[in-house]
Structure formats: structure tokens, C-alpha cells
Amino acid sequence: MGRGRLILIEGLDRTGKTTQTSILTDRLKPNAQLIKFPDRSTTIGKLINQYLTDKNFNLPNQSVHLLFSANRWEVAENIKETLLNGTNVILDRYVYSGIAYSAAKDVDGMDLQWCLNPDKGLLKPDLTLFLTNESNDDAERDGFGEERYENVQFQKKVKKQFYAAFTEFETPNSNTLKLVDVTNKSIEEVSEEIWKLVQPILSNKEENQEFSFF
Ligand code: T5A
Ligand code: NA
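Residues numbered from 1 in each chain as written. Chains lettered and ligands numbered in written order. Predicted model: local features only at pLDDT ≥ 70, side-chain atom pairs only at ≥ 80, totals over all residues. Heavy atoms only, no water.

Peer 1: Any chance you could explain the environment of Ile23 here in plain terms?
Peer 2: Mapped onto the secondary structure, Ile23 falls in helix α1 (residues 17-28). Taking the C-alpha atoms as reference points, Ile23 and Val89, separated by 66 residues in sequence, lie 13 Å from one another. The residues contacting Ile23, other than those within four sequence positions of it, are Ile187 and Ser191. (Helix = DSSP H or I, 4+ residues; strand = E, 2+ residues; numbered from the N terminus. Contact = heavy atoms within 4.5 Å.)

Peer 1: Looking at this model, I keep getting lost on the packing of helix α4 (residues 95-103) against helix α6 (residues 152-169). Mind explaining?
Peer 2: Each pair of packed helices gets described by two things: the angle between the helix axes and the distance between those axes. For the pair α4 and α6, the least separation of the axes is 8 Å and the interaxial angle reads 130°. As far as their axial angle goes, α6 and α4 are oblique. Read as a crossing pair, α4 and α6 show a hand that is right-handed. Across the interface between the two elements, Tyr96, Ser97, Ile99, Ala100, Tyr101 and Ala103 of α4 pack against Phe154, Gln155, Val158, Gln161, Phe162, Ala165, Phe166 and Phe169 of α6. Grouping the constituent residues of the contact of α4 with α6 by class yields eleven nonpolar, three polar and no charged. (Axes fitted to C-alpha atoms, helices over the stretch in contact; angles between N-to-C directions. Parallel < 35°, antiparallel > 145°, perpendicular 65-115°, else oblique. Left-handed = near helix turned anticlockwise from the far one by under 90°. Nonpolar A, V, L, I, M, F, W, Y, C, P; charged D, E, K, R; others polar.)

Any functional reading would require information that these geometric values do not contain.
In C-alpha cells, the structure reads:
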């Protein structure tokens, strides 16, 4: 039996990541574990949660960036062990969110490379699915606008930075990155599309036993 696969679902706010990562995990159970970033339950995660939800709670941009990264390192070993035990790990956001949201702030010195540095050494997903919504519908979905980064202007900048990060860190034509257009699609339609993209990488578990790292 090969190691589990690390599968990441990324996207802008309200594109359906949490909905889809939980459907996918349920579909693969008991052979999958879901991990969501930020994990707001840890000590570091509680600070992140306060920063996101309380507009009067301010921290330097660099500090916030490092907290998000630290929050990933808290569970890095657990992810690796789970994969080695043969269980797949499904991620709801990860390194690319970390880079894109911080780089989109246009703070002097916080370029892509600076943003990646603290995440260097984390496991790279075997497959990254990026959910895109070409209409502005996500802004109409329940809850949009409640948290710090949820405004249409900023989301446009974040999208640009996601693509910049993919160009920098994904090998072209390596089949490790797939875009999933969710525009005007139902939850079921999106989950079927995701299922089709995930199956091939689960069926060739004997290959690619090596881990790769950011
Ligand atoms: N962040 C995160 C950083 O800055 N750095 C980092 O390193 C990381 C990891 C919180 C913020 O933190 C930033 C990015 C974020 O701004 P979060 O906790 O993932 O990150 O944010 P959440 O608020 O939990 O999640 P999102 O807002 O991103 O929403 P999701 O998970 O994309 O969307 P989901 O599944 O919750 O769905 C939203 C609504 O739409 C409906 C759902 O039922 C729900 O009501 N919906 C659909 N409606 C119609 N059609 C469909 N196909 C639908 N799919 C879902
Ligand atoms: Na979410």
C-alpha cells in the first residue's frame, strides 16, 4: 500500500472550499482526513481568528503572515504521519492562501518570495484544485463581507497573487494544479467535477511515493 495523497482545495473567499473539502472527505472515508487552515482552535489560531473577525484588533502585516504560517507548522508532522499511514489528507486552504493574501496587501518588502519563506519545507500537495468564480456571485453568498479580507477590490488582488504563486511554484504541465470553474454551478456539479479530477491521482498510488516540499 502506498502513502496517502495530499489534496488541496484553494480559492477566493466564498467559492465553496469548505463545502467541497467536506464532501470529498466524506466520499473517501474512512481513508481521508480533513484539515482546514486557518485552524482557529489552537492558541495561534485563536489570535488569527480575532484578527480576522475584529477590525479593531490590529497586528503588523508581517506578524499576521507569520502566524498563518506557524499555524500550518503546528500540524505539519501530523499531516506527514497520516499520509505515511496510507490515509489521504484533504486540505481546505494552505500555503497558496498564505502567500496570496499577504502579497496582495502591497506592503513594501512583502513580495512572493518573502511570503513563501516561512512555509519553506512544508509538504507540497500531490494535487491542487483552484476554485474560480467568474461572476461576482461569491460576494452574494451567505456571510460574505463579515471578515477582514472580504471585499471585492481586495479579492481581485488576491486572485492575481494566487496565479503569480502558481506560476512560481507549480511545474507547468505536471498535472499537480487544476482550475475548477464553479461559475453558476450547483454544489453537486462542482463535487462531481472534483471527483473526476481526484480519482486518477488516487489510483496511481504505487507511483510517486516521494514527498515534495515547498
Ligand atoms: N488566509 C487564510 C490568509 O490570509 N492566510 C492564510 O495562510 C490562510 C490559510 C479566512 C481568511 O483567512 C485568509 C483567507 C480568508 O480571508 P477561511 O477560514 O478559509 O479563511 O474562510 P472561511 O470564511 O471559512 O471560508 P470562505 O469564506 O473562504 O468560504 P468557502 O469555504 O470558500 O465557502 P463555503 O463552502 O463555506 O461556502 C460559502 C457559502 O456558499 C454556499 C455555501 O452553502 C455557503 O453558504 N455555496 C454555494 N452556493 C451556491 N452554489 C454553490 N456551488 C455553492 N457552494 C457553496
Ligand atoms: Na471556508
